[in-house]
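Residue strings, one per chain:
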Amino acid sequence: MEKAVVPGCRVLVHFGKKRYYTAIIFRVYEQSANLAYETKDIYALLDATPVLRRPQLRLWEWIASYYICKLGDVYKAALPSGLKLESETLVTYNENFEAGMPLRPSEQSVLDAFGIKPVLTLSELEKKTGLRNVVPVVTSLLSRGAVEVNEELKKGYTPKKQTFVRLSETYHNEAGLQDAFAGLKRAVKQEALLIRYLDLSHVLNPQLTKEISAKELLEHSGYSASILDGLLKRGILERYEKEVGRLQAPVCRVQPFSPLSEAQKQAYNDIYNVFRTKDVCLLHGVMSSGKTEIYARLANDVLSNGRQVLLLLPEIAITTQITGRLSKLFGDKLLVYHSGFSDSERVEVWNSLLRDGSPKIVLGVRSSLFLPFKDLGLVVVDEEHENTYKQQNPAPRYHARNVAIILAGMHGGKTLLASATPSVDSYYNALTGKYGLTKLNTRYGECLTPEIESVDISELRRKKIMKDTLFSPLLVRKISMALEQGEQVILFQNRRGFAPMMECRDCGWTPHCMNCDVSLTYHKRQNRLMCHYCGYVAALPRECPQCRHTDLRMRGFGTEKIEEEVESLFPSARAGRLDFDSAHTHTAYERIISDFERGKIQILIGTQMLSKGFDFGNVTVVGILNADSLMNFPDFRSHERAYQLMAQVSGRSGRREKRGAVIIQTSQPEHPVIRMVQALEYEEMVRLQLGERSIFRYPPYFRLIFIVLRSRNESGLQDISASYAEKLSARLGDRVVGPVTPPVTRIQTFHIRKILLKIEVTAAVAPVRGILEEVYAEMQGHLLFKQLLVHYDVDPV
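Residues numbered from 1 in each chain as written. Predicted model: local features only at pLDDT ≥ 70, side-chain atom pairs only at ≥ 80, totals over all residues. Heavy atoms only, no water.

Draft legend 1. Expanded view of the packing of helix α1 (residues 54-66) against helix α2 (residues 71-78). One can describe the packing of α1 onto α2 by two numbers: an axis separation of 9 Å at closest approach and a directional angle of 125°. If you check the angle between α1 and α2, you find them oblique. For the pair α1 and α2, the crossing hand works out as right-handed. Here W60, E61, I63 and A64 of α1 come into contact with α2, specifically with L71, V74, Y75 and A78. (Axes fitted to C-alpha atoms, helices over the stretch in contact; angles between N-to-C directions. Helix = DSSP H or I, 4+ residues; strand = E, 2+ residues; numbered from the N terminus. Parallel < 35°, antiparallel > 145°, perpendicular 65-115°, else oblique. Left-handed = near helix turned anticlockwise from the far one by under 90°. Contact = heavy atoms within 4.5 Å.)

Pasting the structure below:
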């Protein structure tokens, strides 16, 4: 293997007795490396040529260094699953199992998931049950003998093959065909099928000849496979297999670009002027100003120069709308990449870019940063303020916006950040000259900004006007008027489920998750209580387990409860819901969005998914049912996020000729954030936020790093986290804050403590990483350290 093994190739490595892992060759040593660990033999070489380009490995190193994680973590996130041959856990149902003790609801849901299929993978079980982490439940069932667990090598990517048919060589001339038809005089259907084949394939005209699949021939002829088998047995036609792509080629005709408005032209020219001197430009464009049209023009210019483009989006949901628009402009130059596609489809996008360096525009979410680009000329980060660009768990906990800037720089390309409500950090970088700044202050087509009104719901409740309803009279009136005129409505509540908490009226008991320090949310559709952190489920109790009273009430409200009340208030209107429960698959997303676009749904209720840049032309009313929950969150970014969410949701209203209306229900109508949203005073919000953050040493003036410590031993965690912070303080002084207890103190059976580092933005990360590694090595001598899990979160959002 010595000459065949080169950086970027995959190899298979044997771990333990039964497990295999795919590894990437990162570096080849000319002499024996002085390593502190035992090396593993390579079991097999999987590639004749590298599956990575060299800039990708450099990007991986930067991510691992800046975000303080292992290079292996980056590899695992970067490479599509279809390119990783690994052992996977198979769970087998024991058909002879008899439950002695009652099963928990989560255990029962796992057993019910098997159905007629007795063997499932862990990921299949999680998908079928809706549990986020099925391992503890499977472990419990394993101890009770209900299931068995085994390891098996998971298949990687296999090319898709299709059966084609062709005319045998003997019959490729007129005489041969006459003999063929002479032998088919009594086989009328076979004769008709052969005529249909000749018609479709144009086999006798070399300039027009095309390949015909067996499936296509049978579909066009209307005959069964047995008729085709007759021609194959006679040797007139012969069968062969061919590799075909899974990627759907656009079927629409490429259309010319729409003309830009004067404001768009100005912004387009301003971006070019910025790119003459700076590598990053921030486009601050108001809602519905036509930013996508500008991206498309810029992308087309880059493609014309023979380079590639990456357009990043914060959510899979938005890709459906934008894919339709861009495919009409770019045709087969457009590639789409996200987790909604199958493993094999993602591998084919990967291979397309690896083998073909031609100009392409890739539309995708944060994972598309890891694709093998050859020459990236432009990266566009749409809705750059969205916190979904930050990977949370597992590592690497990278921010796609920041990685995009580094990636573009490695290719000598440019980065365009765009938003109607840019992050305070990005706007500060633009104000201080680190980035360029371009503004687009006019809505496309001169459509008016929506009229935004606030309603004091605390006053309405005091007067008993909103006693048993979630809707203020003003909101009900606006919805009714919109429905009467055939218009659509969006209702926003950033909480899913029916009610976030259940409570006993007599003793105050509340059902909590067994694994996390949170109350269980009631989901009425499934009639069960659920934890939104670990997926634990419990049956709805009939009585309080503490005082035995049956007077249990629901506190608060989520999207399910809003949907129920909408159906009661507006029975003739069809309501739909867009949240994690109703749209947890890509297909479900597309169906809900498509139904709303086509008018099948008149009232759409949803969580923050609704704020992600959708363009619905017939929406004239937006209702924010509880703005207080957005503002009263213990985080220094809560007011920034509240402003962004409310302004973005408001931007879904009145995107065409008619002016839209936005109703914000709040018990704090005089709150500065509410007032700034009503007046759309983004710059004022930024000014206030920067003033506060400079005083308390927060971004953009300081860089934050969280050291997150987790353990099942709460008292031990308290001791070790204090010791950890003490050692850090000895080296970093007052830059260390904590250890602190987060709002949710236990998740998935692990207690949590956090130590916060506030580092000057002028300081390099490398020395800080050195100090963290030094302290980590010292802490390994602590008796309880083996019970501890430690990770770092750089630039948390």
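Draft legend 2. Quick peek at the pattern of salt bridges. A complete count under the given rule lists 39 salt bridges for this structure. A salt bridge links R697 to D734; the nearest nitrogen and oxygen atoms lie 3.8 Å apart. Linking R697 in the loop between α23 (682-696) and β28 (702-711) with D734 in the loop between α24 (714-732) and β29 (736-740), this pair joins segments that are 37 residues apart in sequence. With a relative accessible area of 24%, R697 lands in the partly exposed category. (Salt bridge = Lys/Arg side-chain N within 4 Å of Asp/Glu carboxyl O. Buried < 20%, exposed > 50% of the residue type's maximum accessible area, 1.4 Å probe, protein only.)

Draft legend 3. A look at the sheet that holds strand β25 (residues 603-606). Judged by pairing direction, the sheet is parallel, and its 6 strands sit side by side in the order β17-β27-β26-β18-β25-β24 without closing on themselves. Looking at the sheet topology across the chains shown, the edges are occupied by β17 (451-456) and β24 (575-578). The average angle at which neighbouring strand axes cross in this sheet is 20°, direction not considered. Note that strand β26 (residues 619-624) and strand β27 (residues 661-666) share 4 bridges and pair parallel. What sits directly across from V622, in β27, is V662. Its contacts with the sheet place helix α17 (residues 473-484) against β17, β18 (488-492), β25, β26 and β27, and it is angled at close to 160° to β26. Across the sheet, helix α21 (residues 638-650) lies against β17, β18, β26 and β27, angled at about 155° from β26, the strand it touches most. (Pairing = 2+ DSSP bridges.)

Draft legend 4. Region of the structure containing a nonpolar patch on the surface. Among the surface-exposed residues, Y29, L35 and Y37 lie close enough to one another that they form a single nonpolar patch of about 340 Å² accessible area. Mapped onto the fold, Y37 is located in the loop between β2 (19-24) and β3 (42-45). Residue class for Y37 comes out exposed when judged on its relative accessible area of 56%. (Patch = residues over 30% accessible without salt bridge, like charges linked within 9 Å, V, L, I, M, F, W, Y side chains within 5 Å. Areas by Shrake-Rupley, 256 points an atom, 1.4 Å probe, with all protein chains shown as cover.)

Draft legend 5. Focus on α23. For α23, spanning 15 residues, the distance from its first C-alpha to its last is 21 Å, which sits close to the expected 21 Å at 1.5 Å a residue. Of the residues making up α23, those classed as buried are Y682, M685, V686, Q689, L690 and R693. Down the axis of α23, the buried side of the element spans an arc of 130°, and every buried residue falls inside it. In α23, the exposed positions angled more than 90 degrees off the buried face are occupied by R687 and I695. Among the structural elements, β10 (280-285), α15 (424-431), α21 and α22 (672-679) are those in contact with the buried residues of α23. Looking at the residues trailing α23, positive phi occurs at R697, about 60°. (Expected span 1.5 Å × (residues − 1). Arc of directions from axis to C-beta.)

Draft legend 6. Layout of the sheet that holds β10. Ordered in space as β12-β13-β11-β14-β15-β10-β16, the 7 strands form an open sheet in which the pairing is parallel. Sheet topology places β12 (334-337) and β16 (436-440) at the edges, where each strand pairs with a single neighbour. Sheet twist, expressed as the average angle between the axes of neighbouring strands with direction ignored, equals 20°. Relative to β16, β10 runs parallel, the two being bridged by 5 bridges. The residue of β16 that forms the bridge with L282 is L437. Strands β10, β11 (308-312), β13 (361-364), β14 (376-382), β15 (414-419) and β16 of the sheet are contacted by helix α11 (residues 291-304), whose axis makes an angle of about 170° with β14. Contacting β10, β11, β14 and β15, helix α14 (residues 400-410) crosses the sheet at an angle of about 155° to β15.

Draft legend 7. Summary view of the nonpolar core. Counting 110 residues, the largest nonpolar core has M646, L728 and L757 as its most contacted members. Grouped together as the second largest cluster of nonpolar side chains are 32 residues, Y268, I271, I318 and A418 included. (Core = buried A, V, L, I, M, F, W, Y, C linked by side-chain atoms within 4.5 Å.)

Draft legend 8. Structural context of the packing of aromatic side chains. Per the stated rule, a full pass over the model turns up 16 aromatic pairs. Measuring from ring centre to ring centre gives 4.8 Å for Y66 and Y67, while their planes differ by 80°; the resulting arrangement is edge-to-face. Accessibility assignment for this pair places Y66 and Y67 in one class, buried. Aromatic side chains Y93 and F114 sit 5.6 Å apart centroid to centroid with 25° between the ring planes, which places their arrangement in the stacked category. Of this pair, Y93 sits in strand β4 (residues 87-93) while F114 is found in helix α3 (residues 105-114), placing the two residues 21 residues apart along the sequence. Classification of Y93 by relative accessible area gives partly exposed; the value is 27%. For the cation-ring pair, K84 lies above Y75, with the distance from its terminal atom to the ring centre recorded as 6.0 Å. (Phe/Tyr/Trp six-rings, centres within 6.5 Å; stacked < 30°, edge-to-face > 60°. Lys NZ or Arg CZ within 6 Å of the ring centre and 35° of its normal.)

Draft legend 9. Main features of the environment of I605. Structurally, I605 can be placed in strand β25. Residues I605 and N402, 203 residues apart in the sequence, show an inter-C-alpha distance of 32 Å.

Draft legend 10. Main features of the packing of α1 against α14. Axis separation between α1 and α14 bottoms out at 11 Å; the angle between their running directions is 145°. Judged by the sense of rotation from one axis to the other, the crossing of α1 with α14 is right-handed. Here α1 contributes P55, R58, L59, W62 and I63 to the contact with α14, which in turn contributes V403, I406, L407 and M410. In terms of residue class, the contact of α1 with α14 is made up of 8 nonpolar, no polar and 1 charged. (Nonpolar A, V, L, I, M, F, W, Y, C, P; charged D, E, K, R; others polar.)

Draft legend 11. Main features of the state of the cysteines. Evaluation of the coordinates by the stated rule reveals 0 disulfides. Just so you know, C531 is unpaired, no disulfide at all, and the nearest cysteine sulfur is the one on C513, 3.7 Å from it. (Disulfide = S-S within 2.5 Å.)

Draft legend 12. Up close: α14. Within the sequence span of α14, burial applies to A400, R401, V403, A404, I405, L407 and A408. Structurally, α14 contributes buried residues whose contacts are with α1, β10, β11, β14, β15 and α15. Positioned one or two residues after α14, G412 has a phi angle of 70°, which is positive.

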